[in-house]
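# A look at the structure
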Amino acid sequence: MSEKVSNLKVAIIHDWLVTLGGAEKVLQAILKIYPHADIFTLVAKDDLLEQIGVNKERVTTSFIQRFPKATSKWRSYLPFFPLAIEQFDLSAYDLVLSSSFCVAKGVLTNSEQLHITYCHSPVRYAWDLHYQYLRESGLDKGLKGWLAKYLLHRLRNWDALTAPRVDHFISNSNYIGRRIKRVYGREATTIYPNVAVEDFELQESKGDFYFTCSRMVPYKKIDLIVEAFSQMPDKRLVVIGDGPDFDKIKAKAGENVDLLGFQSFEVLKDHMKRAKAFVFAADEDFGIVPVEAQASGTPVLAYGKGGSLETVKEGETGLFFAEQHATSIRECVLTFEKNQSQFVAKDIRLHAEKFSEDRFIQELKKFIDEKLANR
């Protein structure tokens with residue numbers, strides 16, 4: 001690169017900017033490194049841009065933005081995603097950073113540009129969650145099912161074929177790094193995403209209840225946690241969150257389970273720091289919420305798979321259960337109660353600080369600067 005790093009023209013590609021999640025918080029941190037970067041995305045909502053502090057004049061959206069109900073029904077336009085992402089003209093940029101969990105990594109670049117992908121995951125519903133996605137969407141049979149399977153087949157082919165367009169992959173966990181290797185045949189460097197640990201307060205004295213929070217969708221497995229505690233009437237569980245599975249989960253809840261629905265961040269944070277332990281049953285790529293719980297000095301009881309194996313230290317900041325099953329969760333809770341004294345809130349908080357935003361920014365900037373220097 002002939003330009004100095006400070007004069008780089010930077011483009012950031014993000015799949016869509018419609019809801020605030022972990023990927024969008026990563027984008028916010030990237031923008032602290034490159035505050036003058038231009039952003040390209042399939043679809044964007046003005047209120048989300050305002051929420052994450054992005055001037056919409058800096059954002060270029062795809063032709064999908066003009067489709068009916070694009071900002072609420074964007075997933076319906078999945079067949080157009082590959083074509084749409086390839087329409088962005090990035091030829092004026094020196095550095096292209098794609099924050100990709102769907103198609104962002106497939107943008108077109110040239111040999112003079114450096115393209116680095118921060119990969120949250122290869123497209124989940126096209127690869128690892130393919131069959132689960134079809135079942136839960138009611139697309140595992142019939143004519144619509146065959147059409148969905150064909151479209152996902154096409155997406156998988158395109159996704160694999162576009163992997164060489166990326167110069168360097170960064171994974172958000174070693175778990176995803178292995179998935180990148182299997183799906184794309186590429187090595188990835190893990191840089192754990194930023195967690196706002198400073199937003200959570202350490203509390204050493206804990207209450208007499210367990211806690212979980214999540215959007216209530218099938219893969220989060222909140223129903224299993226509720227079922228497990230409903231079988232332990234002497235132990236109280238508090239649940240924060242809403243979503244399409246709320247009524248189904250409520251039907252499983254015993255009198256010892258408090259379903260609070262959606263609550264403000266302040267209410268969530270208060271329960272997080274006072275809870276005896278946080279229970280997490282999802283198989284997540286990384287999993288930000290268990291780190292937030294640890295930032296509060298709260299031990300985590302987690303399903304022993306995925307990113308949790310990298311964010312929770314067994315016997316020090318939490319415990320693992322082996323199966324996504326109510327019995328396995330119940331056994332883990334009973335083991336925790338026998339060994340509760342070994343978990344020290346200050347040590348748990350110290351561990352969580354390893355996932356801070358400052359650490360993320362430093363590691364990401366160092367990685368990018370090294371790749372720029374070696375071109």
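Owing to the predicted nature of the structure, the values given are computational and were not obtained by experimental measurement. (Residues numbered from 1 in each chain as written. Predicted model: local features only at pLDDT ≥ 70, side-chain atom pairs only at ≥ 80, totals over all residues. Heavy atoms only, no water.)

This part takes up the pairing of strand β4 (residues 95-100). Of all the six residues making up β4, six are buried; the element is thus mostly covered by neighbouring parts of the structure. Examined bridge by bridge, strand β1 (residues 10-14) and β4 share five bridges and lie parallel to one another. Note that in β4 the partner of Ala 11 across the bridge is Val 96. Where β4 and strand β5 (residues 114-119) come together, six bridges link them in parallel fashion. In the sheet register, Val 96 faces β5, and the bridge partner there is His 115. (Buried < 20%, exposed > 50% of the residue type's maximum accessible area, 1.4 Å probe, protein only. Helix = DSSP H or I, 4+ residues; strand = E, 2+ residues; numbered from the N terminus. Pairing = 2+ DSSP bridges.)

On to the pattern of salt bridges. Taken as a whole, this structure holds 24 salt bridges when the rule is applied. Ionic pairing is found between Glu 187 and Lys 181, a salt bridge with its closest N-O pair at 3.0 Å. On the accessibility criterion, Glu 187 (59% relative accessible area) is exposed. Residue Lys 181 is classed as partly exposed on the basis of its relative accessible area of 40%. The partner of Lys 220 in a salt bridge is Glu 284, with the nearest N and O atoms 2.4 Å apart. Of the two residues, Lys 220 sits in the loop between β8 (210-213) and α7 (222-230) while Glu 284 sits in the loop between β11 (277-280) and α10 (288-295), which places them 64 residues apart along the sequence. On the accessibility criterion, Lys 220 (17% relative accessible area) is buried. (Salt bridge = Lys/Arg side-chain N within 4 Å of Asp/Glu carboxyl O.)

This structure, assessed with the given rule, holds two cavities of 30 Å³ or more. What lines the largest cavity is Ile 30, Leu 97, Ser 98, Ser 99, Ile 116, Tyr 118, Ile 170, Leu 364 and Ile 368. Mapped onto the lining of the largest cavity, the elements with two or more residues apiece are β4, β5 and α14 (357-373). A class-by-class count of the residues in the lining of the largest cavity yields seven nonpolar, two polar and no charged. (1 Å grid on protein atoms, 1.4 Å probe; cavity = no way out; pocket = protein on both sides within 12 Å on 5 of 7 lines; lining within 4 Å. Points joined across faces, edges and corners; volume = space filled by probe spheres on them. Nonpolar A, V, L, I, M, F, W, Y, C, P; charged D, E, K, R; others polar.)

Moving on, we get to the sheet that holds strand β6 (residues 168-171). If you walk across this open sheet you meet the seven strands as β3-β2-β1-β4-β5-β6-β7, and the pairing is parallel. In this open sheet, the two strands that pair with only one neighbour each are β3 (59-61) and β7 (188-190). Strand-to-strand, the axes of this sheet are offset by a mean angle of 25 degrees, without reference to chain direction. Relative to β6, helix α6 (residues 174-184) is tilted by about 140 degrees, and along the sheet it contacts β5, β6 and β7. Contacts between α14 and the sheet are confined to β4, β5, β6 and β7, with β5 contributing the most and set at about 150 degrees to the helix. (Axes fitted to C-alpha atoms, helices over the stretch in contact; angles between N-to-C directions. Contact = heavy atoms within 4.5 Å.)

Glancing now at the packing of α7 against helix α12 (residues 326-338). Where α7 contacts α12, the two axes come as close as 8 Å, and the packing angle between them is 60 degrees. Classed by the angle they form, the pair α7 and α12 counts as oblique. For α7 against α12, the interelement crossing comes out right-handed. Contacts between α7 and α12 involve Leu 224, Ile 225, Glu 227, Ala 228 and Phe 229 from the former and Ala 326, Ile 329, Arg 330 and Val 333 from the latter. Considering only residue class, the contact of α7 with α12 consists of seven nonpolar, no polar and two charged. (Parallel < 35°, antiparallel > 145°, perpendicular 65-115°, else oblique. Left-handed = near helix turned anticlockwise from the far one by under 90°.)

The strands that make up a sheet are held in pairs by hydrogen bonds between backbone atoms, and each pair lies either parallel or antiparallel. Read from one edge of the open sheet, six strands run β10-β9-β8-β11-β12-β13, paired in parallel fashion. In this open sheet, the two strands that pair with only one neighbour each are β10 (257-259) and β13 (318-321). Put simply, the sheet's adjacent strands are angled 20 degrees from each other on average, direction ignored. Across the sheet, helix α9 (residues 265-274) is in contact with β8, β9 (237-240) and β11; its angle to β8 comes to roughly 145 degrees.

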